[in-house]
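Tertiary structure, described
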Amino acid sequence: MTKPLALLLHEKLMPGSQLVNKFEELDYRVVTLSDPGQLPEYVRVEMPMIVVADLTNRRGDVLATIAAMLADEATAHVPVIAYSSREDEKQREAALKAGVKVLATDATITQHLPQFLEHALQID
(Lines give C-alpha, C1' and ligand atoms only; values in the text may rest on other atoms or scores of the structure.)
Protein backbone atom coordinates (compact mmCIF):
# COMPACT_ATOMS: atom_id res chain seq x y z
CA MET A 1 0.00 0.00 0.00
CA THR A 2 1.17 3.51 -0.79
CA LYS A 3 1.99 5.84 2.07
CA PRO A 4 -0.32 8.85 2.46
CA LEU A 5 0.98 12.12 1.05
CA ALA A 6 1.46 15.23 3.18
CA LEU A 7 2.01 18.50 1.34
CA LEU A 8 4.03 21.04 3.29
CA LEU A 9 4.07 24.70 2.24
CA HIS A 10 6.87 26.63 3.94
CA GLU A 11 9.80 28.95 3.37
CA LYS A 12 11.59 28.89 6.71
CA LEU A 13 13.95 26.05 7.53
CA MET A 14 12.49 25.72 11.02
CA PRO A 15 10.01 24.25 11.71
CA GLY A 16 9.71 23.10 8.06
CA SER A 17 12.51 20.54 8.19
CA GLN A 18 11.29 19.31 11.58
CA LEU A 19 7.82 18.77 10.11
CA VAL A 20 9.24 16.73 7.24
CA ASN A 21 10.99 14.48 9.77
CA LYS A 22 7.86 14.17 11.94
CA PHE A 23 5.69 13.22 8.96
CA GLU A 24 8.22 10.63 7.83
CA GLU A 25 8.24 9.17 11.36
CA LEU A 26 4.43 8.91 11.04
CA ASP A 27 4.94 6.99 7.77
CA TYR A 28 3.85 9.74 5.36
CA ARG A 29 5.42 10.70 2.08
CA VAL A 30 6.20 14.42 2.14
CA VAL A 31 6.37 16.97 -0.65
CA THR A 32 7.40 20.54 0.12
CA LEU A 33 6.50 23.70 -1.76
CA SER A 34 7.68 27.22 -1.06
CA ASP A 35 5.46 29.15 -3.50
CA PRO A 36 1.80 29.45 -2.41
CA GLY A 37 0.81 29.93 -6.05
CA GLN A 38 1.72 26.29 -6.76
CA LEU A 39 -0.55 24.92 -4.05
CA PRO A 40 -3.96 24.69 -5.78
CA GLU A 41 -2.67 22.95 -8.90
CA TYR A 42 -0.41 20.60 -6.98
CA VAL A 43 -3.25 19.57 -4.67
CA ARG A 44 -5.57 19.09 -7.65
CA VAL A 45 -3.09 16.77 -9.38
CA GLU A 46 -1.53 14.87 -6.45
CA MET A 47 -4.46 14.76 -3.97
CA PRO A 48 -2.53 14.78 -0.69
CA MET A 49 -4.10 13.44 2.51
CA ILE A 50 -3.27 16.71 4.32
CA VAL A 51 -1.85 20.16 3.60
CA VAL A 52 0.26 21.89 6.25
CA ALA A 53 1.02 25.53 5.53
CA ASP A 54 3.11 28.22 7.17
CA LEU A 55 1.03 31.40 6.97
CA THR A 56 4.16 33.54 6.80
CA ASN A 57 5.36 33.56 3.20
CA ARG A 58 6.99 36.36 1.19
CA ARG A 59 5.90 34.85 -2.13
CA GLY A 60 2.16 35.24 -1.70
CA ASP A 61 -0.96 35.34 0.41
CA VAL A 62 -1.19 31.86 1.89
CA LEU A 63 -4.70 32.29 3.31
CA ALA A 64 -6.07 33.51 -0.03
CA THR A 65 -4.45 30.53 -1.73
CA ILE A 66 -5.94 28.13 0.82
CA ALA A 67 -9.37 29.71 0.40
CA ALA A 68 -9.13 29.33 -3.39
CA MET A 69 -8.02 25.71 -3.07
CA LEU A 70 -10.88 24.88 -0.73
CA ALA A 71 -13.39 26.68 -2.95
CA ASP A 72 -12.51 24.30 -5.79
CA GLU A 73 -14.88 21.34 -5.81
CA ALA A 74 -12.04 18.98 -6.73
CA THR A 75 -9.90 19.92 -3.71
CA ALA A 76 -12.42 21.17 -1.14
CA HIS A 77 -12.15 17.94 0.87
CA VAL A 78 -8.40 18.22 1.59
CA PRO A 79 -7.91 19.32 5.22
CA VAL A 80 -5.48 22.13 6.01
CA ILE A 81 -3.39 22.67 9.11
CA ALA A 82 -1.81 26.11 9.25
CA TYR A 83 0.81 27.53 11.56
CA SER A 84 2.32 30.91 12.26
CA SER A 85 4.95 32.50 14.45
CA ARG A 86 2.34 34.81 15.97
CA GLU A 87 -0.89 34.17 17.76
CA ASP A 88 -3.68 36.68 17.39
CA GLU A 89 -7.45 36.59 17.15
CA LYS A 90 -7.60 38.44 13.82
CA GLN A 91 -5.36 35.85 12.14
CA ARG A 92 -7.32 33.00 13.75
CA GLU A 93 -10.60 34.38 12.38
CA ALA A 94 -9.10 34.87 8.91
CA ALA A 95 -7.67 31.33 8.92
CA LEU A 96 -10.98 29.76 9.94
CA LYS A 97 -12.81 31.83 7.32
CA ALA A 98 -10.35 30.57 4.68
CA GLY A 99 -11.16 26.98 5.69
CA VAL A 100 -8.18 26.02 7.84
CA LYS A 101 -9.18 23.12 10.12
CA VAL A 102 -6.40 23.56 12.69
CA LEU A 103 -4.28 26.62 13.47
CA ALA A 104 -1.08 26.22 15.50
CA THR A 105 2.06 28.17 16.33
CA ASP A 106 5.61 27.47 15.19
CA ALA A 107 6.34 26.35 18.74
CA THR A 108 3.53 23.79 18.94
CA ILE A 109 3.17 22.39 15.40
CA THR A 110 5.97 19.82 15.61
CA GLN A 111 5.37 19.00 19.25
CA HIS A 112 1.69 18.16 18.79
CA LEU A 113 1.55 17.11 15.13
CA PRO A 114 -0.12 13.71 15.76
CA GLN A 115 -2.95 15.36 17.70
CA PHE A 116 -3.37 18.11 15.10
CA LEU A 117 -3.49 15.48 12.36
CA GLU A 118 -6.09 13.47 14.20
CA HIS A 119 -8.28 16.54 14.61
CA ALA A 120 -7.83 17.73 11.00
CA LEU A 121 -8.55 14.31 9.52
CA GLN A 122 -11.79 13.76 11.42
CA ILE A 123 -14.74 13.47 9.10
CA ASP A 124 -17.41 16.03 9.84
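Residues numbered from 1 in each chain as written. Predicted model: local features only at pLDDT ≥ 70, side-chain atom pairs only at ≥ 80, totals over all residues. Heavy atoms only, no water.

**Some details on the packing of aromatic side chains**
In this description, an aromatic ring pair is defined by two values, namely the gap between the centres and the angle between the planes. Worth spelling out the cut-off: Between rings of Phe, Tyr and Trp, where Trp is taken as its six-membered ring, a pair exists when centres lie within 6.5 Å; planes separated by under 30 degrees are stacked, by over 60 edge-to-face, and by other angles tilted. Three labels apply to residues, based on accessible area from a 1.4 Å probe with only protein chains included: buried if under 20% of the type maximum, exposed if over 50%, partly exposed otherwise in between.
Summed over all chains, the structure comprises one aromatic pair. With centroids separated by 5.2 Å and ring planes inclined at 75°, the aromatic side chains of Phe-23 and Tyr-28 adopt a geometry described as edge-to-face. In this structure, Phe-23 and Tyr-28 share a single accessibility class: buried.

**Examining unusual backbone geometry**
Leave glycine aside and you will find that most residues have negative phi; peptide bonds, for their part, are mostly trans. Put simply, the rule is: In this description a helix means any DSSP run of H or I spanning at least four residues, a strand means any run of E spanning at least two, and both kinds are numbered starting from the N terminus.
If you check the backbone angles, Asp-27 has positive phi at about 70° while not being a glycine. Tracing the sequence through the fold places Asp-27 in the loop between helix H1 (13-25) and strand S2 (29-33). In this structure, Met-47 takes a positive phi of about 50° despite not being glycine. In this fold, Met-47 is placed in the loop between helix H2 (39-46) and strand S3 (50-54). Owing to a relative accessible area of 34%, Met-47 belongs among the partly exposed residues under this scheme.

**Quick look at the pattern of salt bridges**
Condition: Whenever a carboxyl oxygen of Asp or Glu lies within 4 Å of a side-chain nitrogen of Lys or Arg, that contact is scored as a salt bridge.
The tally for this structure, following the rule as stated, stands at seven salt bridges. Between Arg-44 and Asp-72 there is a salt bridge, with the nearest N and O atoms lying 3.0 Å from each other. Remark: Asp-72 occurs in the loop between helix H3 (62-71) and strand S4 (80-84) and Arg-44 occurs in helix H2; sequence separation between them is 28 residues. Connected via shared salt-bridge partners are Glu-11, Arg-58 and Arg-59.

**Regarding the environment of Glu-11**
The test is simple: In this analysis, two residues are considered to be in contact whenever any of their non-hydrogen atoms come within 4.5 Å of each other. The term polar contact refers here to a pair of N or O atoms within 3.5 Å; inside protein, the definition further demands a hydrogen-donor-capable atom paired with an acceptor-capable atom, and it admits residues adjacent in sequence only when both atoms are side-chain atoms.
For Glu-11, the position within the fold is in the loop between strand S1 (5-9) and H1. The partly exposed category is assigned to Glu-11, whose relative accessible area is 24%. Other than its neighbours up to four places away in sequence, Glu-11 contacts Ser-34, Thr-56, Asn-57, Arg-58 and Arg-59. In this structure the side chain of Glu-11 is engaged in a polar contact, spanning 2.9 Å, whose partner is the backbone nitrogen of Arg-58.

**Quick look at the pairing of S1**
Definition in use: Note on pairing: two strands pair once DSSP finds at least 2 bridges between them. Look down the strands so they point away from you; if the path from the first strand over the helix to the second goes clockwise, the crossover is right-handed.
The element S1 is largely enclosed, with a buried count of five among its five residues. Here S1 shows no split at all, with Leu-5, Leu-7 and Leu-9 on one side and Ala-6 and Leu-8 on the other all buried. Pairing of S1 with S2, which is carried by five bridges, proceeds in the parallel orientation. Among the inter-strand pairings, Leu-8 is bridged to a residue of S2, identified as Thr-32. At this point the chain moves from S1, through H1, to the parallel S2, and the crossover so formed is right-handed. The pairing of S1 with S3 spans four bridges and is classified as parallel. Across the sheet, Ala-6 pairs through a bridge with Ile-50, a residue of S3.

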